[in-house]
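Structural features, examined
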Amino acid sequence: MGRRIALLGAATFFWTSAAFANPPDTFGFGSRSTALAGAVSADATDVSANYYNPAGIVGAKSFSAMVGYFRVDHHLALNGQDTHVDPVRGINAGFVIPGRIRSLPVAIGLALHLPDDRISRVRALRQEQPRWELYDNRNQRLYLAANVAIRPFSWLEIGGGVSFMSSTRGRLDITGKAEIFSPQNSSLRHEVDADLTAIRYPQVGVRVHVHPRASLAVVYRAEFQLGLDLDARLYGDVSALTTAYYQLATSSVNAFLPRQLVFGGSWRVRDDVRVNADLTWVNWSAYVPPVAQLNVDLNIPPPAGGWPAGISAPTTPAPITILPIGMRDRLVPRLGFEWNAFSTERIDLLVRGGYEYAKSPIPRQTGTTNYVDLDRHSMSAGLGVQWHVKSHIYSGTLSFDTHLQWSELVSQVFEKNNPADFIGDYRASGHILNYGASIAAQF
Amino acid sequence: MRAFVIVIMAVSIFACATLASEGEGDRDLPTAGIGPFRKLVQSEVFGVAPFVLQDNQLAYREPSAIATDGNAGVILFVGADEAMKDGGKTPVIARTRANDGRSFYGGAGDFTHTPTIVLRPTEPWEKGSVGSPSALAVGDTTYLYYACEGGIGLARSKDGFAFTKEPLPVFARDASAPPWETTQPKAPSVAHFPDGTFHLIYESGGVLGEAVSQDGLSFRRLDPDPSTPDVEPIMGPSLDVDPASLPKGVLPPFDTLRVGHPCIVPRVTVAGRLHVRVLYSGYRRSGADGSNVTSAVGFAARYGEYGFLIRNSTPVFSADRHEEAPALAEWERASMLYVHEDYSTTTTPSPIGIAAAFSPPSLTLPDPVAFSDSP
């Protein structure tokens, strides 16, 4: 049995080749963990451990499968006007399979966030355009993680996984003849060549049981950059007057996940009360904003005798100078508690709560750029019901968890240094509502 | 039961076949309300886009706009030429109205009406011409500042049609004028500031100066830098740059020859700061021998009651048709720019007309519905 589990784990580990960025970073994974404000790196042994701490999956007592749904509604306003940032919503699902290889406890796990609106979203805005940098585009994508964990000693659990991201490279060629006086007679050929290339990044975690009632954890998540490179080339004849050559090369980082280092602790204060705390260092200073670097080559020689009246040739656009965003590393504290408020042999009713403070890593936008972000206070709550079943059909625990998280963004006014700025001063404010539920089965 | 299954299947198929909504996140973004602008397209006007007021004989020019409501209503005062019985022409000021910011009474395509003339030269010091109107509503009174040979005059009206002139210019070049004021002040633009003062920005000698008044009737020059003994202009032309020294694709400044036709639009930002925004015409020499002069509409601004203007290096509107004399009508989430520019690309000199441009440029206006039925 142990050998088969190990083979299944290895297969899963290497099969995981699709991929993923990180809505869980911002909104959590699984209703129980989100209700605890994500302070579960030393506590989670369920499917959510695939994200929070892969070492935790080896703590699962039996096979566990989870499926849930969540939705995040943004109410983010600039100058009091809602900018209609898209909601993040979709299915969270996964499984954990514990077992043994010889006498070594091992486990494999898989976690998936499947958006129900779009698999991924590519966006490269001008750096002057106001946008909610951490909420607008980064969370609109698939997330998939696969992990393996072992417990070499009874007090030590080690886990890790690897994920694959997909970069985009594409080329568009247009050749032919353009009739500027009768466009319907133009004859143009289009050729598109797009390529998705894989990018890998690892995550590892350790959990140490320092006391029968207390555990500590360290988790590391690596950085990745999701690139977007597009080339466009236009070459042809313009109404037999002249030729036109236009080449555009654009390169940008469409999504960036900073390195993270999590320190966590979990303490069972009483038999029915657990308190968790996490502190996450986020390497935001390495952040690369999703602004396209453009290189343009345009050559349209004037026809013999000059341009016809009313027609002038376009000029080559000036190259874009991308200004540094200047983000700062941040420490994000999280606190959570879980109280087993009602317990019988068959039913447990759990009440959960949590708090997270995420200070914005983006400096005040007083210059040309407008990467909008605000300090965020997140308060979460949730209920869980565990039903312990023993029958000839099913023997195990069925869990139903819900979560509700309210994030309040501290309103701030951005004052521009340059009075001739096209955007000018503006006030940013907002809140985010995150809610969902999940069911899990352990057997 | 069978019907239930069919309904469930139909709903499921319908749900599976739906497409994701188009991504958003960039609706109602903040702007300084001052562009960049895009010229109106043919579907947005009755006449020939982007013109909203054009007549070869009357030569509408130098617009000044008052937004009358929060929904694109505009009263436009313009300079024009009135045909005289002797065959000559007299520069006058006319007014018209549009309920949608575009379809003016007597505008391009409204052949049965003509904007109403509200001001003619009558005073000796006007020397036979009035023009460059700058209109603003103060309470229930319309203040109409105008330029003439003798300086800047003021006429006031309760109904916006019958104006009573001040007997003398409210601002003129006199012995106290600074050395850079080499011409009579012209192209006035006046705004009523939140503290109750009237600020006048004018053109003289190819630069912009500023004057202030407590009552709108008597102006004194405003020094942008009180730490120096002289009264300086608040903005002059940009320094000239050799285009060959610029990186590929970088255009030289558009206003190196002179600046003029200011349009002052103050506001208080969400930060509580007084934001003095000024649109202006910028001119530079072009062509191989520098004999041509091109123009574009620029944006300069400052924070506070006084001081120099700081310009944005990018024009807010440039159409390569000698556009100049900007006027702005501003509503809560959009603004319309009016300029006069060449109507023809083949006739030299070209007749001019009032063209319109819109901001934010990403929005498309609905089709025009009807011309205003009154001026």
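Computed from a predicted structure; not experimentally measured.

1. Section: the overall build of chain A
In terms of helices and strands, chain A carries 4 helices and 20 strands. C-alpha atoms of chain A, sized along the principal axes, occupy 95 × 50 × 35 Å. Relative to its full complement of 443 residues, chain A shows a buried share of 39%.

2. Examining the overall build of chain B
For chain B, the count of helices and strands is 1 helix and 21 strands. C-alpha atoms of chain B, sized along the principal axes, occupy 100 × 55 × 50 Å. Burial statistics for chain B: of 375 residues in total, 45% are counted as buried. Taking as baseline every contact in chain B between residues at least 6 positions apart, the subset at least 24 positions apart corresponds to 52%.

3. With respect to the interface of chain B and chain A
Counting residues at the interface gives 34 residues for chain B and 35 residues for chain A. Of all the elements in the fold, those that place two or more residues in the side of chain B that touches chain A are strand 17 (292-303) and strand 18 (310-311) of chain B. Here the element with the most residues in the side of chain B that touches chain A is strand 17 of chain B; it accounts for 5 residues. Tallied by class, residues from the side of chain B that touches chain A come to 14 nonpolar, 11 polar and 9 charged.

4. Some thoughts on the nonpolar core
Formed by 104 residues in total, the largest nonpolar core has its most connected members in V278(B) and L337(B). By size, the runner-up hydrophobic cluster in this structure holds 35 residues, among which are I57(A), M66(A), V106(A) and I108(A).

5. Some thoughts on the environment of P124(B)
Residue and element names in this part refer to chain B. Residue position: P124 is located in the loop between strand 6 (116-119) and strand 7 (131-138). Accessibility expressed as a C-beta count within 10 Å gives 8 for P124, which makes it exposed. Along the backbone, P124 and E149 are 25 residues apart, and their C-alpha atoms lie at a distance of 9.8 Å.

6. Details of unusual backbone geometry
All names here are of chain B. At the junction of G35 and P36, the peptide bond is cis and its omega measures out at 0 degrees in the coordinates. Assignment of secondary structure puts P36 in the loop between helix 1 (2-17) and strand 1 (38-39). Following A49, the chain continues to P50 via a peptide bond in cis, the omega torsion being 5 degrees. Locating P50 in the fold gives a position in the loop between strand 1 and strand 2 (51-54).

7. Points about the sheet that holds strand 8 (residues 141-148) of chain B
All names here are of chain B. Pairing within the open sheet is antiparallel, and its 4 strands lie in the order 7-8-9-10. Looking along the sheet, the strands with just one partner apiece sit at the ends: strand 7 and strand 10 (164-165). Where strand 9 (residues 151-157) and strand 10 come together, 2 bridges link them in antiparallel fashion. Directly across from A155, in strand 10, lies its bridge partner K165.

8. Some thoughts on the sheet that holds strand 12 (residues 198-204) of chain B
Residue and element names in this part refer to chain B. Within the open sheet, the 4 strands sit side by side as 11-12-13-14. Their pairing is antiparallel. Edge positions in the sheet fall to strand 11 (186-192) and strand 14 (220-221), since each has one partner strand and no second. With 5 bridges joining them, strand 11 and strand 12 adopt antiparallel strand pairing. Bridging across to strand 12, K186 finds its partner in E203.

9. Re the confidence of the model for chain A
Here chain A averages 87 in pLDDT, and 90% of its residues register 70 or above. Predicted confidence for residues 5-21 of chain A stays below pLDDT 50, and this span has 41 contacts to residues more than four positions away or in other chains.

10. Re the environment of A191(B)
Residue and element names in this part refer to chain B. Relative to the elements of secondary structure, A191 occurs in strand 11. Separated by 54 residues in the primary sequence, A191 and A137 place their C-alpha atoms 9.4 Å from one another. When near neighbours in sequence (up to four residues on either side) are disregarded, A191 contacts L136, H199, I264, V265 and P266.

11. A word on the pairing of strand 12 of chain B
Residue and element names in this part refer to chain B. Among the 7 residues of strand 12, 7 are classified as buried, and the element is accordingly described as predominantly covered. Going residue by residue along strand 12, you find F198, L200, Y202 and S204 tucked away on one face and H199, I201 and E203 tucked away on the opposite face as well. With antiparallel pairing between neighbouring strands as the criterion, strand 11 and strand 12 make up a hairpin whose turn holds 5 residues, including G196 at a positive phi of roughly 95 degrees. Pairing geometry for strand 12 and strand 13 (residues 207-213), over 7 bridges, is antiparallel.

12. Describing the confidence of the model for chain B
Residues and elements named next belong to chain B. Averaged over chain B, the pLDDT score is 91; the fraction of residues at 70 or greater is 94%. Here helix 1 is the element of chain B with the lowest mean pLDDT, 54, and strand 12 is the one with the highest, 98. ipTM for the predicted complex: 0.90, alongside a pTM of 0.87.

13. A look at the environment of F95(A)
Counting through the fold element by element, F95(A) comes out in strand 3 (residues 88-101). Expressed as a C-alpha distance, the spacing of F95(A) and G264(A), which sit 169 residues apart in the sequence, is 23 Å.

About the criteria used
- Residues numbered from 1 in each chain as written.
- Chains lettered and ligands numbered in written order.
- Predicted model: local features only at pLDDT ≥ 70, side-chain atom pairs only at ≥ 80, totals over all residues.
- Helix = DSSP H or I, 4+ residues; strand = E, 2+ residues; numbered from the N terminus.
- Buried ≥ 20, exposed ≤ 12 C-beta atoms within 10 Å, placed from the backbone.
- Contact = placed C-beta atoms within 7 Å.
- Nonpolar A, V, L, I, M, F, W, Y, C, P; charged D, E, K, R; others polar.
- Core = buried A, V, L, I, M, F, W, Y, C linked by C-beta atoms within 7 Å.
- Pairing = 2+ DSSP bridges.
- pLDDT = per-residue confidence, 0-100.

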